[in-house]
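Residue-level listing of the chains:
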Amino acid sequence: MRVLLVEDDEMIGRSLKQALEGAGWSADWVRDGELAQSALGDGGYTCVLLDLGLPKHDGTEVLRRARERGDATPVLVLTARDGLDDRIHSLDLGADDYLLKPFEFRELLARMRAVVRRRDGAAHSLVGSGALQLDLTTREVVANGAREALTAREFALLHALLERPGAILSREQLENRIYGWGEEVTSNAIDVLIHGMRRKLGAESIRNVRGLGWRVAA
Ligand code: CA
């Protein structure tokens, strides 16, 4: 799954990007509000980590404009301890949660899972419905009562499909949900991923709609 990291502090940004990638996220890092806005406009993010004090537009401005555009991507605000007014303002503008710096990385991951599953409409760590569910904590798929481990990319792909069961996602839409900037995407990458997942989950788990894309059953 892709996360947009908006942070102008080089040291925090670099260490967060590295830690997020280590935890299986594709992390795109931008250092100012203008770039954050244009990245959000491209879409494809499962979650946004948003610093508030930023060059060009501050974080609350980025958030306000995103929500005005109807962008509902979960936003977790990362903020300094003394910014109570900013935190309240950002929650009122539509932030999903906030975390005070400095924080423990484990807590950040847990809060990211929490905002993502709330957006998915799940009260616990399982998202999805019917025969296929995803466990955000263990990165496993639960299919017909059995659990299977997934790679980070398999997980991102299935999460994208399960957000709207029955809807067809094109190759481009799936690539956009899985790969961050600068990641090499071979022309058959999605086919290879889906082939592997069908082997794990059964041939009927992900349906191909010829010429259009893929879907999971509604
Ligand atoms: Ca800052």
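Read across the sheet, five strands follow the order 2-1-3-4-5 without closing on themselves; strand pairing throughout is parallel. Of all strands in the sheet, those with a lone pairing partner are strand 2 (26-30) and strand 5 (97-101), marking the two edges. The average angle at which neighbouring strand axes cross in this sheet is 20°, direction not considered. Bridge analysis of strand 1 (residues 2-6) against strand 2 gives five bridges, and the strand direction is parallel. Opposite Arg-2, over in strand 2, you have Ser-26 as the bridge partner. Along the sheet face, helix 2 (residues 33-42) touches strand 1, strand 2 and strand 3 (47-51) and points at about 165° away from the line of strand 1. Contacts from helix 5 (residues 105-119) reach strand 1, strand 3, strand 4 (75-80) and strand 5, with the element oriented near 170° to strand 5.

We now examine the nonpolar core. Grouped together as the largest cluster of nonpolar side chains are 46 residues, with contacts concentrated most on Leu-20, Trp-25, Leu-49, Met-112, Leu-157, Leu-158 and Ile-206. Broken down by element, this core gets its largest block of residues, seven residues, from helix 6 (residues 152-163). Taken together, domain 1 (2-120) and domain 2 (126-215) each give at least three residues to this core, which thus spans both. Discounting residues that sit within four places of it in the chain, Trp-25 has contacts with Met-1, Arg-2, Val-3, Leu-20, Thr-46, Cys-47, Leu-109, Met-112, Val-116 and Arg-139. Within the second largest apolar cluster, 18 residues are counted, among which are Val-30, Leu-40, Tyr-45 and Ala-66.

The rules we used
- Residue indices begin from 1 for each chain and proceed along its sequence in written order.
- Two thresholds apply to this predicted model, a pLDDT of at least 70 for residue-level local features and 80 or more for giving and counting side-chain atom pairs, whereas whole-chain, interface and lining totals are computed over all residues.
- Heavy atoms from the whole structure form the basis of all side-chain values; hydrogens and water molecules are not counted.
- Pairs of strands are assigned from DSSP output, requiring at least two bridges between the strands.
- Put simply, DSSP H or I for four residues or longer makes a helix, DSSP E for two residues or longer makes a strand, and each gets a number counted from the N terminus.
- Angles here are taken between N-to-C directions and fall from 0 to 180 degrees, while the axes themselves are lines fitted to C-alpha atoms, restricted in helices to the stretch in contact.
- In this description, contact between two residues means that some pair of their heavy atoms is separated by no more than 4.5 Å.
- By nonpolar core is meant a set of buried Ala, Val, Leu, Ile, Met, Phe, Trp, Tyr and Cys residues that side-chain atoms within 4.5 Å join together.
- Each residue is assigned to one of three classes by its accessible area relative to the maximum for its type, calculated with a 1.4 Å probe on protein chains only: buried under 20%, partly exposed between the two thresholds, exposed over 50%.
- Domain ranges listed in this record stem from an automatic or a database domain assignment.

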